[in-house]
Amino acid sequence: MVQHLLGIEGLAKEEIYNYLDTADSFVEVNKRDIKKVPSLRGKTIINVFFESSTRTLTSFDIAAKRLSADSINVSASSSSVNKGESLVDTALTLESMSPHVVVIRHAQSGAPHLVSKILQKTAVVNAGDGLHEHPTQALLDLLTLRRHFAKTERPLEGLKISIIGDVLHSRVARSNIHAHLALGNEVRLVGPATLVPSLFEKTFGPKVKVLHSVDDGLEGSDVVIVLRMQLERQNDKFITSLDEYSRDYGVSERLLKRVAPESVLLHPGPMNRGVEISTDVADGARSLIRNQVENGVAVRMAVLFKLAQSIPGHDDGFEQEEER
Ligand code: CP
């Protein structure tokens, strides 16, 4: 049966670890001089991005090429979507060219799910849909944390995670919440009530706490995930001003030294330096932001590798595993 990756919600802990274990093997490949393996030779990957992206698009493209697949990137601005073609017709058109995996980013929550229902023989990856999920971002965040904590033989479970900022509009936050709940971690969501409403506690249950005070929200955290302030939403009056937001919820090294001195810091990017995050902490010793980007390639290699194997008619991966 064709397998898709549409979200973290519903994935069992074992499935998450399976992606991370596969990604770990590709981290090693990415450290070699020649960063290329023949695992997906003869396979075709289409990246269809209806929204802007630097990290996700580039890393899926690099991932496909490092697996020896043929990779094609389609953006909404240069496609026939501009001439009014629907998402369904676009998806059916692409499937007629026999890709093995289609990677989709779309502003509409649920768009990749819709495409996965329509396509018969193509695996679909959600590269971020509306306010819903960004599953490969959560997987690369987990891989980054697992590799970091492994240095002190600390497992990925039993961690205190704080997610601070515009949780309301963040698909990264939702995927991370699902991921950390699957691992049994404690999650605190931190920010003003307009961006972190208490309904998140009802939606996600007792392991998720909503806190509007930065000190309470970050106190003793192992991991602080800072979210991008979505500047495009400024006219919607979720905050009174960027200056005020930065003063009350901006994350700096001074703040973390005081409330969460042992914490490490993640940010999915793109960052607004001086708004949700200060440069001292973004570029400082506790920051794993560059590691996140690096691990993004390995995670996307793992996702493409695993999903391409689920396509009927795919040669069994044994020989490819050997070659890898
Ligand atoms: N984190 C993330 O999705 O970044 P891009 O928008 O640059 O892909």
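That block above? That's the structure.
Residues numbered from 1 in each chain as written. Predicted model: local features only at pLDDT ≥ 70, side-chain atom pairs only at ≥ 80, totals over all residues. Heavy atoms only, no water.

Concerning the packing of aromatic side chains
Here comes step 1: This structure, assessed with the given rule, holds three aromatic pairs.
Here comes step 2: On the basis of an interplanar angle of 75 degrees and a centroid distance of 5.7 Å, the ring pair of phenylalanine 26 and phenylalanine 305 is categorised as edge-to-face. Of this pair, phenylalanine 26 sits in helix H1 (residues 13-31) while phenylalanine 305 sits in helix H12 (residues 289-309), and the two are 279 residues apart along the sequence. Take phenylalanine 26 and phenylalanine 305: they sit in the same class, and that class is buried.
Here comes step 3: Taken together, a centroid distance of 6.2 Å and an interplanar angle of 5 degrees make the contact between phenylalanine 200 and phenylalanine 204 stacked. Pair noted here: phenylalanine 200 and phenylalanine 204 are both in helix H7 (residues 199-204), with a separation of four residues, about one helical turn.
Here comes step 4: We classify phenylalanine 200 as buried; its relative accessible area is 3%.
Here comes step 5: For arginine 154, the ring lying beneath its charged end belongs to phenylalanine 149, and the centroid distance is 5.3 Å.
Here comes step 6: Seen from the ring of tyrosine 19, lysine 306 lies directly overhead, with NZ or CZ sitting 5.7 Å from the centre. (Phe/Tyr/Trp six-rings, centres within 6.5 Å; stacked < 30°, edge-to-face > 60°. Helix = DSSP H or I, 4+ residues; strand = E, 2+ residues; numbered from the N terminus. Buried < 20%, exposed > 50% of the residue type's maximum accessible area, 1.4 Å probe, protein only. Lys NZ or Arg CZ within 6 Å of the ring centre and 35° of its normal.)

Some words on the environment of leucine 6
Here comes step 1: Considering the arrangement of structural elements, one finds leucine 6 in the segment before H1.
Here comes step 2: In this structure leucine 6 comes out as buried when scored by relative accessible area, which is 15%.
Here comes step 3: In the structure, leucine 6 is positioned 219 residues away from isoleucine 225 in sequence and 22 Å away in space, judged by C-alpha atoms.

A short note on the site of the ligand
Here comes step 1: Around the ligand lies a shell formed by Ser53, Thr54, Arg55, Thr56, Arg105, His134, Gln137, Pro268 and Gly269.
Here comes step 2: The separation between an oxygen atom of the ligand and a polar side-chain atom of histidine 134 is 2.9 Å.
Here comes step 3: Proline 268 places a main-chain nitrogen or oxygen 2.9 Å from a nitrogen atom of the ligand.
Here comes step 4: For the ligand, the cavity whose grid points lie within 2 Å of the majority of its atoms is the largest pocket.
Here comes step 5: Classifying every residue of the shell around the ligand by side-chain character gives one nonpolar, six polar and two charged. (Near = heavy atom within 4 Å. Polar contact = N/O pair within 3.5 Å; in protein donor to acceptor, adjacent residues only side chain to side chain. 1 Å grid on protein atoms, 1.4 Å probe; cavity = no way out; pocket = protein on both sides within 12 Å on 5 of 7 lines; lining within 4 Å. Sits in = over half its atoms within 2 Å of the grid points. Nonpolar A, V, L, I, M, F, W, Y, C, P; charged D, E, K, R; others polar.)

Focus: the layout of surface pockets
Here comes step 1: There is about 540 Å³ of room inside the largest pocket.
Here comes step 2: If you trace the largest pocket, you find 24 residues lining it, with Arg105, Arg171, Arg228, Gly269 and Pro270 closest to the centre.
Here comes step 3: Those elements giving two or more residues to the lining of the largest pocket turn out to be helix H2 (55-66) and helix H6 (171-182).
Here comes step 4: Partitioned by chemical class, the residues of the lining of the largest pocket number six nonpolar, 11 polar and seven charged. (Points joined across faces, edges and corners; volume = space filled by probe spheres on them.)

Concerning the nonpolar core
Here comes step 1: Core analysis: the biggest nonpolar cluster contains 89 residues, and Ile163, Leu189 and Leu304 have the highest contact counts within it.
Here comes step 2: No other element matches H12, which puts 11 residues into this core.
Here comes step 3: Among residues more than four places away in sequence, those in contact with leucine 304 are Leu40, Ile45, Phe60, Ala63, Ala64, Leu67, Val101 and Val103.
Here comes step 4: In terms of nonpolar packing, the next biggest core, distinct from the first, is built from 15 residues, Leu6, Leu87, Ala111 and Val115 among them. (Core = buried A, V, L, I, M, F, W, Y, C linked by side-chain atoms within 4.5 Å. Contact = heavy atoms within 4.5 Å.)

A short note on the packing of H2 against H12
Here comes step 1: Running from N to C, H2 and H12 point in directions that differ by 55 degrees, and their axes come no closer than 8 Å. With respect to H12, the element H2 is oriented oblique. Crossing geometry of H2 relative to H12 is assigned as right-handed. From H2, Arg55, Thr56, Ser59, Phe60, Ile62, Ala63, Ala64 and Arg66 reach across to H12, where they touch Val293, Gly296, Val297, Arg300, Met301 and Leu304.
Here comes step 2: Taken together, the residues of the contact of H2 with H12 sort by class into eight nonpolar, three polar and three charged. (Axes fitted to C-alpha atoms, helices over the stretch in contact; angles between N-to-C directions. Parallel < 35°, antiparallel > 145°, perpendicular 65-115°, else oblique. Left-handed = near helix turned anticlockwise from the far one by under 90°.)

Side note on the sheet that holds strand E3 (residues 101-106)
Here comes step 1: Here we have four strands laid out as an open sheet, ordered E2-E1-E3-E4, and parallel in their pairing. The open sheet has two free edges, formed respectively by strand E2 (70-75) and strand E4 (123-129), since each of these has just one partner strand. Across the sheet, the mean angle separating the axes of adjacent strands is 15 degrees when strand polarity is ignored.
Here comes step 2: Taken together, the five bridges between strand E1 (residues 44-49) and E3 define a ladder with parallel strand orientation. Opposite valine 48, over in E3, you have isoleucine 104 as the bridge partner.
Here comes step 3: Packed on one face of the sheet, helix H4 (residues 111-118) meets E3 and E4 and runs near 165 degrees to E4. (Pairing = 2+ DSSP bridges.)

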